[in-house]
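Summary of structural features
What follows is the residue order along each chain.
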Amino acid sequence: MRARLWLRGDWLGQRNEQSFLWLHLNDGRVLAFRLPTAALADDEPIGALVEQFAQDQRGTLLEARFGDGVAIPLYAAPAAPLPALPWGDPRHHAARDFAAGLDQEVLSLLASLNRHRQWDSLRNYNRLAALAPERRSRRLQAVTRFPLLAAPVLLSAHRYLEFAGGKRHAWRNHDARVLEAIDWGRDLTGALARHYGISKGLVRSPICAQMWGDTALSHRRLLRLLDGIPAHRRPRACGEFTQAIDLFNLTNLLDDDADLVRLGATAFREGLEAVCAPLQERFAPLGPAFADCFDFIRAALERARQAHPCPRGLTAHRLELAWIESRGFRSLLVASRRWHERVWDQADPEQNWDQQDRTRIAAILGEHQEGEAHGRELCEAAVLVREGETMHHCVAQYWAECRDRGTRIFALGIGAERATAQYQFTLSEARFSLAQLRGPHNAQASGPLMAFAQAILTELNALGRAPARAELALDLSARRAGQSSAPRQTRRLDPAGERELAAVLAHLRPALADGELLRDFIAGYQFHGGTELEPQMDVGDTLELVREPDNPHDPQAVAVRWGGERIGYIPRRVNADIARRLDAAEHLVGHLTRLDAHADTWGRVEFAIRQAPAH
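Residues numbered from 1 in each chain as written. Predicted model: local features only at pLDDT ≥ 70, side-chain atom pairs only at ≥ 80, totals over all residues. Heavy atoms only, no water.

Turning next to helix 4 (residues 122–129). Burial within helix 4 is extensive, with eight of its eight residues counted as buried. All of the buried residues in helix 4 are Leu122, Arg123, Asn124, Tyr125, Asn126, Arg127, Leu128 and Ala129. Where the residues of helix 4 are buried, they touch strand 2 (19–24), strand 3 (30–35), helix 3 (104–113), helix 5 (133–145) and helix 6 (147–154). (Buried < 20%, exposed > 50% of the residue type's maximum accessible area, 1.4 Å probe, protein only. Helix = DSSP H or I, 4+ residues; strand = E, 2+ residues; numbered from the N terminus. Contact = heavy atoms within 4.5 Å.)

Pairing within the open sheet is antiparallel, and its six strands lie in the order 11-16-15-12-13-14. The strands lining the two open edges of the sheet, one partner per strand, are strand 11 (516–521) and strand 14 (565–569). Averaged over neighbouring strand pairs, the angle between their axes works out to 35 degrees when direction is ignored. Strand direction decides the pairing type here: strand 12 (residues 542–547) and strand 15 (residues 588–595), joined by two bridges, are antiparallel. Note on strand 15: the bridge partner recorded for leucine 543 is glycine 590. (Pairing = 2+ DSSP bridges. Axes fitted to C-alpha atoms, helices over the stretch in contact; angles between N-to-C directions.)

Take the side chain of aspartate 56 next. Within the element layout of this structure, aspartate 56 appears in the loop between helix 1 (46–53) and strand 4 (64–66). Buried charge without a salt bridge: aspartate 56, with arginine 29 as the nearest opposite-charge side chain at an N-O distance of 5.9 Å. Within polar-contact distance, the side chain of aspartate 56 engages the side chain of threonine 60 at 2.8 Å. Ignoring any residue separated from it by four or fewer positions in sequence, one finds aspartate 56 in contact with Arg29, Leu61 and Tyr75. (Lys, Arg positive; Asp, Glu negative; His and termini not counted. Salt bridge = Lys/Arg side-chain N within 4 Å of Asp/Glu carboxyl O. Polar contact = N/O pair within 3.5 Å; in protein donor to acceptor, adjacent residues only side chain to side chain.)

By convention here, two paired aromatic rings are described through the distance between centres and the angle between planes. Under the definition given, this model contains 14 aromatic pairs. Taken together, a centroid distance of 6.5 Å and an interplanar angle of 35 degrees make the contact between phenylalanine 20 and tryptophan 22 tilted. The same class applies to phenylalanine 20 as to tryptophan 22, namely buried. When the centroid spacing of 5.1 Å and the interplanar angle of 70 degrees are considered together, the rings of phenylalanine 33 and phenylalanine 53 count as edge-to-face. Here phenylalanine 33 is found in strand 3, whereas its partner phenylalanine 53 is found in helix 1, with 20 residues between them in sequence. Taking relative accessible area as the criterion, phenylalanine 33 reaches 1% and is therefore assigned buried. A relative accessible area of 1% places phenylalanine 53 in the buried class. By way of ring pairs, the aromatic residues Trp212, Phe241, Phe248, Phe268, Phe290 and Phe329 are connected into one cluster. For arginine 96, the ring lying beneath its charged end belongs to tryptophan 87, and the centroid distance is 3.8 Å. (Phe/Tyr/Trp six-rings, centres within 6.5 Å; stacked < 30°, edge-to-face > 60°. Lys NZ or Arg CZ within 6 Å of the ring centre and 35° of its normal.)

Inspection of the entire model under this criterion finds zero disulfides. In this structure cysteine 394 is not part of a disulfide, and its nearest cysteine sulfur, from cysteine 293, lies 11 Å away. The class of cysteine 394 is buried, set by a relative accessible area of 4%. (Disulfide = S-S within 2.5 Å.)

Following the sequence through the fold, threonine 266 ends up in helix 12 (residues 260–266). Residue classification places threonine 266 among the buried positions, given a relative accessible area of 17%.

We now examine the environment of valine 275. Along the polypeptide, valine 275 turns up in helix 13 (residues 272–283). For the pair valine 275 and arginine 330, spaced 55 residues apart in the sequence, the C-alpha separation amounts to 8.6 Å. In this structure, valine 275 is in contact with Leu247, Ala267, Phe268, Glu270 and Phe329, ignoring residues within four places of it in sequence.

Attention shifts here to the nonpolar core. Residues Trp22, Phe268 and Phe329 are the most contacted members of the largest nonpolar core, which totals 105 residues. Among the elements that line this core, the one with the most residues is helix 15 (residues 316–341), at twelve residues. Setting aside anything within four residues of it in sequence, one finds phenylalanine 329 in contact with Leu247, Leu250, Ala267, Phe268, Val275, Leu279, Phe290 and Ile324. Membership of the second largest hydrophobic core comes to 23 residues, among which are Leu365, Phe432, Leu460 and Leu476. (Core = buried A, V, L, I, M, F, W, Y, C linked by side-chain atoms within 4.5 Å.)

Glancing now at the sheet that holds strand 4. Here we have five strands laid out as an open sheet, ordered 1-2-3-5-4, and antiparallel in their pairing. The sheet is open, and its two borders are formed by strand 1 (3–8) and strand 4, each paired with just one other strand. Each neighbouring strand pair of the sheet contributes to a mean axis angle of 30 degrees, computed without reference to strand direction. Two strands pair when backbone bridges link them, and strand 4 and strand 5 (residues 69–73) are joined in this way by three bridges, in the antiparallel orientation. Across the sheet, residue arginine 65 finds its bridge partner in strand 5, namely valine 70. Here helix 1 sits on the sheet and contacts strand 1, strand 2, strand 3, strand 4 and strand 5; the angle it forms with strand 4, its principal contact strand, is near 170 degrees.

When pLDDT is averaged along the protein chain, the result is 88; 91% of the residues meet or exceed 70. Long-range and interchain partners of residues 349–355, a stretch whose pLDDT sits below 50, account for 21 contacts in this model, where long-range means more than four residues apart. (pLDDT = per-residue confidence, 0-100.)

Further remarks concern the pattern of salt bridges. Counted under the stated rule, the structure contains 35 salt bridges. Between arginine 136 and aspartate 103 there is a salt bridge; the shortest N-O distance is 2.9 Å. Taken as a pair, arginine 136 in helix 5 and aspartate 103 in the loop between helix 2 (90–100) and helix 3 lie far apart in primary sequence, 33 residues in all. As a salt-bridge pair, lysine 200 and aspartate 187 come within 3.2 Å of each other at their nearest N and O atoms. Placement of lysine 200 in helix 9 (residues 200–204) and of aspartate 187 in the loop between helix 7 (176–183) and helix 8 (188–196) is noted, with a sequence separation of 13 residues between them. Residue lysine 200 is classed as partly exposed on the basis of its relative accessible area, which comes to 37%. Sharing partners across several salt bridges, the network here consists of Arg327, Arg338, Asp494 and Glu500.

Structure below.
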């Protein structure tokens, strides 16, 4: 053993006086333990403790003996702890001396990786500092050159460093091929490209030579999106992500299997700055604007089902993704704004307006006033319509949710300021939450109105109104058990919106040849064995369709196999009809219809599906 360091919990800023021990072993590893309070500075059992961990190079032990007590190993503790004590305190000096004896190059590299995740744990320190010199050097070079891509393969990303212990914090993205490329000096760029499913060009780009912070999208998903953007328009520094956070948040809400490479190549093809700046200028704040888009998309989906040939299994999120891919973010925001500003026409039969609905829902609060602030609960459909006409937004569309799901709408005012608040009801908890607060034309409400909306929420959830909430919960439970909800009332699209919706639906339906049930590109092609089998493939080859009802990501999943090897899936947005046919024992067959080795992976292999000829 090279060194040891004793500290106490309260010296480390913890709310306890437990003993903590750091050991720097002769093999280069650092170990840390949480011990009973009475063990502080008791060096006698250290030798036996070291023996128990001598052969545990991977850190699998979760506890060990320490005299008459128990030692808990701390794999996610800092390798070089600094106590929360004055600089001149002898205990602080002892901690600095301990840190000075460690591998300074490794400590500095790990600290440089810290952003929204912590990397400078002793687990990660040991993975580098305790290696043989040549392997240590190669791995340090890999992390230095490709910090964003190599660090998650070699090391563990911690949400925070901690002193509780009891966790192994094993590798999360271990890849033997990447490790082999690092340790044997082989094609690391290619290995990282295969691991993340991205191009070598993106691996080499400046944006991957730096660590990123929180980007709303996971780093792996954002890499795929960036891979679709033309190389000369990709961001060069992660600071450029800030302007696109609202767009990334929206992307996170879309289908989990959304082809982000294709999304990058379509919606972001002009680059982040060129796409985001005009949107911020015209529609800021973008967060609420995109939230409003979903109301519009749900109305568009209802319209698609009523008046257009609509792909089976189409959902609101898939329709929104298709709109963004085919027409861009700006088109979606413009169409949403036009739709929200249209006047709700009760006399129009196409509005899906139930003029016979004279239901009045029970008020939970009724009216509430605090000084100049006043709020009124809206309990009738016609009153919601008038509120929408006055405020120029789509609150009338929420009547079915008020009647069938317990949502409550309030008209708020402070002086001349007005806003509409939506409170959602959680049946299992019999409590309300503030879902939306919008001013005229869906503008953002002021701070005082927001504070008043929160005050109304407190009143809705007050103990004195528990009987009213319980009665509402019982009524909703009985309603759900006895009948299905009425259709949503939707404001019709304007002529321009109808044309755009038709174009988006056409984007979802590639042109079919006679007898074809589906024609599309294979999804996930880059993540399966397709690229390796590509030299053997040819147009006209037969493809096997295999249902995967137990697929954890999509119960409608249909795998596509070539020569018995899975090369991808039918895209989720169009797989429902094929899954239904296969489940009904229909005999379907697929064929390769286009194979372009030079195209992006998301558009490289096109397939078509037909019913198999009868024998």
